[in-house]
Amino acid sequence: MGLLSKKDANLILDPLADNNPITIQVLGICSALAITAELEASIVMSVSVLFVLGVGNVVISLLRNIIPSKIRIIVQLIVVATLVIIVDLVLKAFAYELSKTLSVFVGLIITNCIIMGRFEAFALGNGPWRSFLDGIGNAVGYAAILIIVGFFRELLGSGTLLGIPILGDPIEKTGLYSIGYENNGFMLLSPMALIVVGIIIWVQRSRNKALIED
Amino acid sequence: MEHIELFFKSIFIDNMVFATFLGMCSYLAVSKKVSTAVGLGAAVIFVLAITVPLNWLLDQYILQEGALKWLGAEYADYDLSFLSFIMFIATIATMVQLVEIIVEKFSPSLYNSLGIFLPLIAVNCAILGGSLFMQSREIASLGLALNYGVSSGIGWFLAIVAIAAIREKIRYSNVPPALRGLGITFIITGLMAIGFMSFGGMLTGGDEEVKDKVETVKVEDVLDDETIDELKEIANNTKKTLE
């Protein structure tokens, strides 16, 4: 850790577990739930948020002394919207199918509360380098939950990971299917995303009693 | 009929919270008491009813491919749809600010009940999501856009009031400690979403039946033999002349 002091390293490590944006701060739930039926979509979404949050935090932090506090929300929205348009155009150019699956949820990164939340809570009061680390840390914490949810939903729901069959072929009855295993199609439906996140929260809070509410 | 269908579809089948998870952040954060939930829900209906039609106009007359035709023929080729995110969010942020100022001036009592929620709403995914879904579902007219805004707002209102009521009651239940608060709210919302899925058959079921029938209609059923023969003759003649 020659590059990072201990305080800086904590900026990245904290949001991974004990201050996770989704399970503890309850930010950015919308997109986390809607697109996690496939692992690939979750990964692309995470990378998009990583880019927007990392760059956005730096930009806001550089502008923090110039923005009048009354119009800061609009300035923040414009910065995010510009970054999201870049992400959207890149996705449309290089991964058209995937951008169809993500549909409006790429656009909804703009109103993803993690981004506005980090701008307000961190970037407005800290220098660019620390803001960058904070952005990356929170985006990785967000990504971790997305990837866990996407992993379980795709594995249990369609028996594949990133589109590659893992548990055998359900039609020719090979692998696990030969002993009577069935895909749980319910995992692909939207309500299961909520329940999977609920279970993640349950597991996390049972392991760390300090996080339990009331 | 179109209006009624869209109305019920947006409230129950495509419910913003349960089907598309829009506005989950404020849904989870502001659902501890029914009274505040009602306030926020009402504010969402209000803002959606204003911003969706407004963004519909923007989309139709500025952003869509060829939408600038009304400026003159030389503008017909422009496609500004890549700007829609920034235009929509700017409209929403300005409108929310404007509504806040107007309500504060003319109706202080309404401002007291809605006012504190309005700034929260500018960054609520449900509002931007409403406009983006309006764009991607190609809502056909201004009236339908207004209908879509109001009805999806009502759907969101229903969802947040319902969860707030449940959370008020669940305080007296013995939930496992690690699941208290956020965890159980997620799981209840999931169960409610499963419940709302049962509305899915309300409209789509009927639609599919009609579609199947339309697809299986054959030419022979519609036209009598004479007309078919005539048409064949005409087709053959045109083929010959072309050759």
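Since we're looking at a predicted model, the values are computed, not measured. (Residues numbered from 1 in each chain as written. Chains lettered and ligands numbered in written order. Predicted model: local features only at pLDDT ≥ 70, side-chain atom pairs only at ≥ 80, totals over all residues. Heavy atoms only, no water.)

### Observations regarding the interface of chain B and chain A
Contact with chain B, which involves 41 residues of that partner, is made by 42 residues of chain A. Note on chain B versus chain A: buried area summed over both sides is about 3,500 Å², and carbon and sulfur give 84% of it. Sorting the residues of chain B by area buried against chain A places Phe-21, Phe-85 and Phe-186 of chain B first, and these three jointly supply 19% of that buried surface. There are zero salt bridges connecting chain B and chain A. Taken together, the connections running from chain B to chain A amount to zero residue pairs in polar contact (both at pLDDT 80 or more). Listing elements by their share of the side of chain B that touches chain A, those giving two or more residues are helix 2 (24-29), helix 4 (84-106), helix 7 (125-136) and helix 9 (182-197) of chain B. Per element, the largest residue contribution to the side of chain B that touches chain A is ten residues, and it comes from helix 9 of chain B. Split by residue class, the side of chain B that touches chain A holds 30 nonpolar, ten polar and one charged. (Contact = heavy atoms within 4.5 Å. Buried area = accessible area lost by both parts, 1.4 Å probe. Salt bridge = Lys/Arg side-chain N within 4 Å of Asp/Glu carboxyl O. Polar contact = N/O pair within 3.5 Å; in protein donor to acceptor, adjacent residues only side chain to side chain. Helix = DSSP H or I, 4+ residues; strand = E, 2+ residues; numbered from the N terminus. Nonpolar A, V, L, I, M, F, W, Y, C, P; charged D, E, K, R; others polar.)

### What about the pattern of salt bridges?
Residue and element names in this part refer to chain B. Tallying each qualifying case throughout the model produces four salt bridges over all chains. As a salt-bridge pair, Asp-14 and Arg-137 come within 3.7 Å of each other at their nearest N and O atoms. Here Asp-14 is found in the loop between helix 1 (2-13) and helix 2, whereas its partner Arg-137 is found in the loop between helix 7 and helix 8 (142-170), with 123 residues between them in sequence. When its relative accessible area of 22% is taken as the criterion, Asp-14 is described as partly exposed. Overlapping salt bridges, with partners in common, bring together Lys-9, Asp-14 and Arg-137 in one network. (Buried < 20%, exposed > 50% of the residue type's maximum accessible area, 1.4 Å probe, protein only.)

### With respect to a nonpolar patch on the surface
Residues and elements named next belong to chain B. Together, Leu-54, Leu-57, Tyr-61, Trp-70, Leu-71, Tyr-75, Tyr-78 and Leu-142 make up a nonpolar patch on the protein surface, roughly 760 Å² of accessible area in all. A total of three residues in the nonpolar patch trace back to one element, the largest contributor, which is helix 3 (residues 34-63). With respect to the helices and strands, Leu-57 occurs in helix 3. (Patch = residues over 30% accessible without salt bridge, like charges linked within 9 Å, V, L, I, M, F, W, Y side chains within 5 Å. Areas by Shrake-Rupley, 256 points an atom, 1.4 Å probe, with all protein chains shown as cover.)

### Details of the confidence of the model for chain B
Residues and elements named next belong to chain B. Confidence along chain B averages 79 in pLDDT terms, with 88% of residues attaining 70 or more. Of all secondary-structure elements in chain B, the lowest mean pLDDT belongs to helix 10 (residues 204-216), at 49, while helix 8 reaches the highest, 90. In the predicted structure, residues 208-214 sits below a pLDDT of 50 and forms zero contacts with residues beyond four places in sequence or in another chain. Taken together, the chains of this predicted complex give a pTM of 0.78 and an interface ipTM of 0.79. (pLDDT = per-residue confidence, 0-100.)

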